[in-house]
Amino acid sequence: MSESFPRMSARTRRFTLGVPRGFTISPDGGRVVFLRTKAGTDPVTCLWELETETHVERLVVDPRTLDGDDGELPPEERARRERSREQAGGVVAYSTDSTVTRAAFALSGSLYVTELPDGRTRRLETAGAVIDPRISPDGRHVAYVAGGALHVRDLVTDANRVLATPESSTVTYGLAEFIAAEEMDRMRGHWWSPSSDALLVERVDEAPVRTWYIADPANPERPAAAQRYPAAGTPNAVTELYVLGLDGSRVVVPYEHEYLANASWDSHALSIVTLSRDQKAMRLLTVDPATGRSTLVREDTDPAWVDIVGGVPAHLDDGSLVWVASADGGNRLFVGDRAVTPPTLQVRAVLDVDHDSVLFSASGDPTEIQLWTWDGHSLLPVSTRSGVFSGRMAGGVGVLSEQSLDVEGVATTVVRRDGMAIPIPSFAERPGLDLRVSLGRSGRRELATAVVLPSWHEPGSRPLPVLMDPYGGPHAQRVLNRRAGYLESQWFAEQGFAVIVADGRGTPGRGPDFERTVLGDLATPALEDQVDALHGVAEQYPDDLDLTKVAIRGWSFGGFLAALAVLRRPEVFHAAVAGAPVTDWRLYDTCYTERYLGHPDEQPEVYDNSSLFGDAAKLDRPLLLIHGLADDNVVAAHTLRLSSALLAAGRQHSVLPLSGVTHMTPQEVVAENLMLLQVEFLKRSLHVLG
C-alpha cells in the first residue's frame, strides 16, 4: 500500500466506502436493492439491484450521471447526515413502494424518482430543496419536506400539493427534531398509511429551545450559524402529531409524554411510542386515524430508564405484537404478551418481520452480535459463526452481513429460500495491517477487553508503553468481534504501544443491571473500570506492559473519559488526548444527559460530580484537547471552558482547535494529521524514544 494508514483511513472513511449497505428485499424475494460506492476510495454512493434468481447485479443509479453536487446540500440535509454520521455522498438514502419497483431519493436538494425494473430516473421540479422524500406504498405519490413544509407529489398527474405549511420560522412539518435524530435514532418525521391516502406527520416547533451560535473564528467575515440546542435542564422542542389526508383532512393525534420515540403504520395499526422526559415510562399506543384517539397497548416502566429499541413496534401476519422489553434481568423479545427469548440472551433490535417470522439481533456473549429468528414456535440461530452480524429478511430471502476478527471487512451474502448463498461483493480497500488482537475478560468485574499488540512484538521481550483506547460511555460498545473496530488501535500499537480497549459498566450486551450501574454518575464507574481493566490486563501480560508509561485517548465520551483519567487518577494515567470531550454535562443535550443524571435543577451535585471543571486544579499530567469549532453536537464551548478553568488554575495544557470541523472530522488531511499528531504528543509526553 503506497499511502500511509492514516491517509488511507481518512480517504476511505475508515474503510467504509465500497461496503454494500441499506438493503431492501422485494416482497417476493426476487430482488435486493442496496447502496454501495463503486470503489473503496469513491465517496459517491450509487443505487444497485441484485436479482436473486439469476445472481445478476445491476447498477441502477449513478449520481454522476445526474449532475448532482453534494456541495449544494441544503443545511437541513447536512444536519441529517451529521446526526446519522453519514460520511459518504451521492444517494445516501432512498425509499421504495411496497412492491419495490419504484424508488425515490434526494440528491443535492433535488427530488428524483427511479423505475427499478429498467433504471429510468427522472428529476422532478420542486419549490425548494428537498429533504427526506418517501414514496407511498402504492408508488403513486412522493412525500417530501421543503422549506419546513410537507409536500406530496402525484407521480401520475405531476401535481404537487402542500399538506402542511409552517406557521413560523421555528416550525417544520415532517422532519425529526434534533433530539430524535441524535439520541433516539429516529431520522424521520412522516409515515405513509398502508392505503397511501394519508400520512402521520410530526410538527416540530423549536421556539422554546435556546439558540446557540456556532462561529468560525478562522473566517470572521462569515456570520455565526444559529443552532437551536436543547441543553440539559432546558426546554425541548414542542412536538405534535397529525394525520394529514390527501383529501385535505387534518386530524390531531394528542399524546402526553415529552418525547415521540417512534411511530409505525402497517396494515394492523397506526402505532406511536412515547417516552416521558425522565425516561422512566414508555407507552405504546394505537391510534384511530379517523379521530386521533389513542388506546394504550402497554406501558413499560423502570426506576432508572426504559430503553428505546430499534424495529419495534411490529406485527406478525395474525396481528400479534412484536416488542422488546426488559424482564427478569434481560432484554427480551415479546410476541404478544409472552417473552419468547431467555433473559440470558440480550436482544438488541428487531430487524424484520416476514409474515410469521421475526428476525432479530441479540448477544449471549457481549462481544458477539448474532442473528436469530422466532418462527412462531421456536428460536432458531441464523448466524452460526463467531462475529458481529446484521441482516434483513423478506419473502423468505435473507441478507446477512458478517464481520469478525477472522474476516477482513464486511462479508455480505443473500440467502435464497432454497439455501443457496449469493455474495454481494464489497469494494472496500484493504487496510494493510496485520491485526494482533486478543479478546477476553479482565479485572474484578470481568470486563470485555481487547488487547492489541504490535505485530512485531515478541511476547515477554520487553514492556511496552500502554495506550488505553476507550469510548467507555453508556449505550455504546467498542469490544466486539470485528476487525474494523481495531484498525486505528492496531496502527497505534504499531507505533510502539500496547493498546487496551475495555467496555465498562453502562455498555450494552450484558443485561439491564450492568447498563444501569451508571445511573447518577457518569464519571466514577467509567473511570474505575478503565483502571480495573488496565490492572487486569497487566496481570495477564506481566512482561509486556510498562505501567510507568500509561496514556489514554478518546473522542466524545471517550474524550471526557480521557481528560477525567489524568485529572482524577494521575498516579495511573500519565498523559491524555481528549477529542471533542464533554466537559460539563449541563452543556450536553437533554435526552442523553437526563437519562443518566436526571434534571440538573433537581440534582446539581450529580452534575458537579460528573463535570471536569472542579478537578481543573489537579492537572499535573500532559493533556491535549482537540475540538472541531463547527461541532454542533459537543460544541467547542466544552473544551474552551475547560481550558479557561485550567488556565485560571495555572495548569499547563495544549489545545488544538480545528476550524470548520464537525464532530465527525471527515476531512482527509485533518483526519490523517490528527492521528500523527496524537502519536507525537503521546510519545513526547511519555518520554518514549523513536
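Residues numbered from 1 in each chain as written. Predicted model: local features only at pLDDT ≥ 70, side-chain atom pairs only at ≥ 80, totals over all residues. Heavy atoms only, no water.

1. Some details on the packing of aromatic side chains
As a reminder of what qualifies: The rule is short: rings of Phe, Tyr and Trp, with Trp giving its six-membered ring, pair when the centres are within 6.5 Å, and they are stacked under 30 degrees, edge-to-face over 60, tilted in between. Two conditions define a charge sitting above a ring: the NZ of Lys or the CZ of Arg must be within 6 Å of the ring centre, and it must be within 35 degrees of the ring normal.
Considering all chains together, one arrives at 17 aromatic pairs under this definition. Pairing tyrosine 588 with tyrosine 592 gives two aromatic rings, centres 5.5 Å apart and planes at 90 degrees, and the pair type is edge-to-face. Through a chain of ring-to-ring contacts, the aromatic side chains of Trp305, Tyr471, Phe557, Phe560, Trp585, Tyr588, Tyr592 and Tyr596 assemble into a single cluster. Of note, arginine 298 hangs over the ring of phenylalanine 334, and the distance from its end group to the ring centre comes to 5.2 Å. Its guanidinium or amino end placed over the ring of phenylalanine 514, arginine 510 lies 4.2 Å from that ring's centre, counting from NZ or CZ.

2. Some words on the side chain of histidine 190
The criterion, for reference: What counts as a helix is a DSSP run of H or I of at least four residues, what counts as a strand is a run of E of at least two, and both are numbered from the N terminus. In protein, a polar contact requires one atom able to donate a hydrogen and another able to accept it; more generally it is a pair of N or O atoms within 3.5 Å, and residues adjacent in sequence count only if both atoms are side-chain atoms. Here, two residues are considered to be in contact whenever any of their heavy atoms come within 4.5 Å of each other.
Assignment of secondary structure puts histidine 190 in strand β15 (residues 190-192). Reaching out from histidine 190, the side chain makes a polar contact with the backbone oxygen of glycine 174 at a distance of 3.0 Å. With sequence-adjacent residues up to four places away left out, histidine 190 is seen in contact with Asp132, Arg134, Ala143, Val145, Leu150, Gly174, Leu199, Leu200 and Val201.

3. Re the nonpolar core
To be explicit about the condition: Residues enter a nonpolar core if they are buried and are Ala, Val, Leu, Ile, Met, Phe, Trp, Tyr or Cys, with the set joined through side-chain atoms within 4.5 Å. Between buried and exposed lies partly exposed: a residue is buried under 20% and exposed over 50% of the maximum accessible area for its type, with that area taken using a 1.4 Å probe on protein chains only.
Ranked by size, the top nonpolar core spans 90 residues in total, and within it Trp323, Leu333, Leu545, Phe573, Trp585 and Leu623 carry the most contacts. With 9 residues, the single largest contributor to this core is helix α7 (residues 557-568). Apart from the residues lying within four places of it in its own chain, the contact partners of tryptophan 323 are Val273, Met282, Leu284, Arg298, Asp300, Val312, Pro313, Arg332, Leu333 and Phe334. Of all hydrophobic cores here, the second largest spans 34 residues; its members include Leu433, Val661, Leu674 and Phe681.

4. Examining helix α4 (residues 487-494)
Counting buried positions over the 8 residues of α4 gives 7, a clear majority of the element. The complete set of buried residues in α4 reads Leu487, Glu488, Ser489, Gln490, Trp491, Phe492 and Ala493.

5. A closer look at the environment of arginine 21
Locating arginine 21 in the fold gives a position in strand β1 (residues 21-25). A sequence separation of 438 residues divides arginine 21 from proline 459, and the C-alpha atoms of the two residues are 39 Å apart. In this structure arginine 21 touches Phe34, Leu35, Thr45, Glu86, Ala88 and Val92, once residues within four positions along its chain are discounted.

6. Notes on the sheet that holds strand β27 (residues 330-335)
The strands making up a sheet associate through hydrogen bonds between their backbones, and the pairing can be parallel or antiparallel. What counts is decided by this rule: A pair of strands is considered paired only if DSSP assigns at least 2 bridges between the two.
The sheet built from 4 strands is open, its strands ordered β25-β26-β27-β28 with antiparallel pairing. Across the chains shown, the open sheet's two edge strands, defined by having one partner strand only, are β25 (314-315) and β28 (338-339). In terms of strand pairing, strand β26 (residues 321-327) meets β27 through 6 bridges, oriented antiparallel. Looking at β27, one finds that alanine 325 is bridged to arginine 332.

7. Concerning empty space enclosed by the protein
What counts, and what does not: Using a 1 Å grid laid over the protein atoms alone, points where a 1.4 Å probe fits but cannot get out form a cavity; open sets with protein on both sides within 12 Å along at least 5 of 7 lines form a pocket; any residue with an atom within 4 Å of a point counts as lining. Grid points are joined across faces, edges and corners, and a volume is the space filled by probe spheres set on the points. In the scheme used here, Gly and all other residues not listed as nonpolar or charged are polar, with Ala, Val, Leu, Ile, Met, Phe, Trp, Tyr, Cys and Pro taken as nonpolar and Asp, Glu, Lys and Arg as charged.
Scanning the entire structure with this criterion turns up 4 cavities of 30 Å³ or more. The computed volume of the largest cavity comes to approximately 110 Å³. What lines the largest cavity is simply Glu177, Phe178, Ile179, Glu206, Val209, Arg228, Pro230, Asn236, Ala237, Thr239, Glu258 and Tyr259. Its residues placed into classes, the lining of the largest cavity shows 6 nonpolar, 2 polar and 4 charged. Its boundaries defined by the atoms lining it, the second largest cavity holds a volume of some 70 Å³. Secondary-structure elements contributing two or more residues to the lining of the second largest cavity are β21 (259-265) and β26. For the lining of the second largest cavity, the per-class residue count stands at 8 nonpolar, 1 polar and 1 charged.

8. Digging into the pairing of strand β23 (residues 281-287)
Side-chain positions along a regular strand alternate between the two faces of the sheet. Extensive coverage of β23 is indicated by the burial of 5 of its 7 residues. Note that strand β22 (residues 270-275) and β23 share 6 bridges and pair antiparallel. Note on β23: the bridge partner recorded for serine 271 is threonine 286. Hairpin remark: β22 followed by β23, antiparallel, with 5 residues in the connecting loop; positive phi at glutamine 279, about 65 degrees. Of the strand pairs in this sheet, β23 and strand β24 (residues 294-301) are connected by 7 bridges, and their pairing is antiparallel. In the strand pairing of β24, arginine 283 is matched with glutamate 299. What sits between β23 and β24 in their antiparallel hairpin is a turn of 6 residues, with glycine 292 showing a positive phi close to 85 degrees.

9. A few points about the sheet that holds strand β29 (residues 346-354)
Applied cut-off: The axes used here are C-alpha line fits, helices contributing only the stretch in contact, and every angle between their N-to-C directions lies in the interval 0 to 180 degrees.
The sheet built from 4 strands is open, its strands ordered β29-β30-β31-β32 with antiparallel pairing. For this open sheet the edge positions go to β29 and β32 (379-381), each flanked by a neighbour on one side alone. Geometrically, the sheet is characterised by an average inter-axis angle of 30 degrees between neighbouring strands, direction not taken into account. Relative to strand β31 (residues 370-374), strand β30 (residues 357-363) is paired through 5 bridges, and the arrangement is antiparallel. Looking at β31, one finds that valine 358 is bridged to tryptophan 374.

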